[in-house]
Amino acid sequence: MIAGKYLLKISGCQMSFHDAEAIAGQLQHAGYAPTNNELEADVIIFQTCCVRETAERKIYGQINQLQALKRNKPDLIIGMTGCLAQKDQDKVLKLCPHIDFVLGTKRLGELEAILANLSLNRHPIVDVAEEGTLENLPQARTDGVRAYINITYGCNNFCSYCIVPYVRGPEMSREPNAVVAEVKDALASGYKEIMLLGQNVNTYGRDLGGRADFVSLLKTIDNLPGLARTRYMTSHPRDFTQDMILTVKNSRTVCEHFHLPIQSGSNRILKLMNRGYTREHYLELVDNIRTHIPHSSITTDLIVGFPGETEEDFAATLDLVEKVRFDAAYTFIFSPRKGTKAATLPEQIPSNVKKERLSCLNTIQSRISRDINLPLIGQKLEVLVEGPSKNNPDILSGRTRTNKLVHFSGPRDLVGHLVLVTIKRAFTWTLHGELVSD
Ligand code: SAM
Ligand code: SF4
């Protein structure tokens, strides 16, 4: 017998989506079944993000829209988990009195107990304690091909714009045995690709007293039978070593895709951001990667409109983008986050200037992405088939080792397999091709 139906509303990064897999795992363990229909749900959980204000506003808007539903269905349980829950712990219930529970980032493992509690006594619960374990929680993985696996939790970097260290706590590495056991388990369940997650994967193991480091972990995982591809997210340019480049080069499964968030091309702004590297260091790193692995792809994150960013600083960012020629970039408007250093800096940039800079940056980056993709036409690329395309379920989509999204026609039973696709058309964000038949 099922206990009821649940609906998850997820926002944020891959780590947030992976947390949602642990939420779904616990709900299913407690006998709940998933639904996409709000009207049919007995439990609705918002797994949230607070990295930018826009995400936050959208989440509160969606929660408030549920007021009428809750009035008509008082037994409905509404919960908030994730970074916004941790950040707004004191005010969520004031802002949204129809919420039944608020669960902090370290307390995910308490979900089943909280639901059991609420079934006996309908008093709102706020559990945001800063201790707790996320080990051994049941997972309901949502991606059929790629398994997301945490290697670290939290972050020690305190980039001056970023709220993450405040809501996720200090960096804590998982024991290498626990990570490898989870990878083996995912492979035994048929997953072909592993995505190792951490806010700065390159510092993995620093808190384990010499028992582990990221390069050794990658080498161990690379040898596991059944694994087709290994990815990781995110790297910090300050901590990305020569040893890492050689490890990727010499590995079987680690993909030739380097996501290295630069954030700004101006040394002055990088210093204010507390990023711990210069543009010269970054350019050298890119050169080094391309010398050793010429066909690799490099992507980045960029923030425009950081406090005090002058036209010269912004021009330095555009110049860096032209010099590096990123395959793709995630670009953001600086969003002041209360509690971070950057939110208190003078010279906040007006919204219209930030928007203009974002648009200018995106125009340049889109042109570069397209120019990089066009020469791929005619090439045969190895694609790991992920499933039907999101926009057109009649065709398949998958990714190259360099993380380019490829659409092509083919039978459904190719999902989970490596195939060769000849690229026929290339756009800014996607490639279209034809399956190479044997
Ligand atoms: N740990 C990763 C790193 O260091 O790159 C990324 C974590 S963060 C969730 C993802 C991206 O959000 C960052 O790389 C940054 O570009 C962006 N970001 C973080 N705080 C921001 C803010 N206050 N305003 C705008 N963008 C922000
Ligand atoms: Fe935020 Fe910087 Fe940590 Fe990334 S490394 S999560 S940007 S503080």
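Coordinates for the structure precede this section.
All figures in this text were calculated on a predicted structure; none of them were measured in a lab.

About the thresholds
Residues numbered from 1 in each chain as written. Chains lettered and ligands numbered in written order. Predicted model: local features only at pLDDT ≥ 70, side-chain atom pairs only at ≥ 80, totals over all residues. Heavy atoms only, no water. Axes fitted to C-alpha atoms, helices over the stretch in contact; angles between N-to-C directions. Helix = DSSP H or I, 4+ residues; strand = E, 2+ residues; numbered from the N terminus. Parallel < 35°, antiparallel > 145°, perpendicular 65-115°, else oblique. Left-handed = near helix turned anticlockwise from the far one by under 90°. Contact = heavy atoms within 4.5 Å. Nonpolar A, V, L, I, M, F, W, Y, C, P; charged D, E, K, R; others polar. Salt bridge = Lys/Arg side-chain N within 4 Å of Asp/Glu carboxyl O. Near = heavy atom within 4 Å. Polar contact = N/O pair within 3.5 Å; in protein donor to acceptor, adjacent residues only side chain to side chain. Areas by Shrake-Rupley, 256 points an atom, 1.4 Å probe, with all protein chains shown as cover. Pairing = 2+ DSSP bridges. Buried < 20%, exposed > 50% of the residue type's maximum accessible area, 1.4 Å probe, protein only.

Novice: Teacher, can you tell me more about the packing of helix H8 (residues 176-188) against helix H9 (residues 214-222) here?
Specialist: When two helices pack together, their arrangement is captured by the angle between the axes and the distance separating the axes. Running from N to C, H8 and H9 point in directions that differ by 30 degrees, and their axes come no closer than 11 Å. Taken together, the axis directions place H8 and H9 in an arrangement best described as roughly parallel. For the crossing formed where H8 meets H9, the hand is right-handed. Counted together, Pro176, Val179, Val180 and Val183 of H8 and Leu217, Thr220 and Ile221 of H9 form the full contact between these two elements. Taken together, the residues that form the contact of H8 with H9 break down as six nonpolar, one polar and no charged.

Novice: Whenever I open this one, the side chain of glutamine 263 confuses me. Can you help?
Specialist: For glutamine 263, the position within the fold is in the loop between strand E12 (257-259) and helix H11 (267-272). If we skip the residues at most four places from it in the chain, glutamine 263 touches Tyr161, Met273, Arg275, Tyr277, Asp301, Leu302 and Ile303.

Novice: Explanation requested: the pattern of salt bridges in the structure shown.
Specialist: Pairing of side chains with opposite charge becomes possible as their charged atoms draw close. Across all of its chains, the model carries 29 salt bridges by this definition. The shortest N-O distance in the salt bridge between arginine 231 and glutamate 193 comes to 2.9 Å. Placement of the pair is arginine 231 in strand E11 (residues 229-233) and glutamate 193 in strand E10 (residues 193-197), with a sequence separation of 38 residues. Notably, a salt bridge pairs aspartate 319 with arginine 279, separated by 2.6 Å at the nearest N-O pair.

Novice: Sorry if this is basic, but what is going on with the site of ligand 1 here?
Specialist: Around ligand 1, 15 residues are found, and the nearest of them are Tyr161, Gln199, Gln263, Asp301 and Ser335. Between an oxygen atom of ligand 1 and a side-chain N or O atom of arginine 275, the distance comes to 3.5 Å. Aspartate 301 places a polar side-chain atom, nitrogen or oxygen, 2.6 Å from an oxygen atom of ligand 1. Burial of ligand 1 by the protein amounts to 92% of the accessible area it has alone, namely 560 Å². Put simply, the parts of the chain that give the shell around ligand 1 at least two residues each are strand E13 (297-304) and strand E14 (328-333).

Novice: Whenever I open this one, the sheet that holds E10 confuses me. Can you help?
Specialist: Hydrogen bonds between backbone atoms are what pair the strands of a sheet, whose relative direction is either parallel or antiparallel. On the basis of which strands lie adjacent, the open sheet formed by three strands has the order E7-E10-E11 and parallel pairing. Where the open sheet ends on each side, the last strands, each with one partner, are strand E7 (146-150) and E11. On average, each strand axis in the sheet is tilted by 20 degrees relative to the strand beside it, whichever way the strands run. As defined by bridge partners, E7 adjoins E10 across five bridges and the pair is classed as parallel.

Novice: What should I look at first to understand the side chain of serine 160 in this one?
Specialist: Note that serine 160 resides in the loop between strand E8 (152-153) and helix H7 (164-168). Its relative accessible area of 5% is what places serine 160 among the buried residues. When sequence neighbours within four positions are dropped, the list of residues in contact with serine 160 reads Leu272, Met273, Asn274, Phe306, Thr340, Lys341 and Ala342.

Novice: I'm lost on the site of ligand 2 in this one. Help?
Specialist: For ligand 2, the full set of nearby residues is Cys155, Asn157, Phe158, Cys159, Tyr161, Cys162, Val164, Pro165, Gln199 and Arg275. Residue classes in the shell around ligand 2 are distributed as seven nonpolar, two polar and one charged.

Novice: Looking at this structure, I do not really get the sheet that holds E12. What am I missing?
Specialist: The three strands are arranged E12-E13-E14 in an open sheet whose pairing can be described as parallel. Each end of this open sheet is capped by a strand with a single partner; those strands are E12 and E14. Along the sheet, successive strands turn relative to each other by an average axial angle of 15 degrees, direction set aside. Across the face of the sheet, helix H12 (residues 279-292) comes into contact with E12 and E13 while running at roughly 160 degrees to E13.

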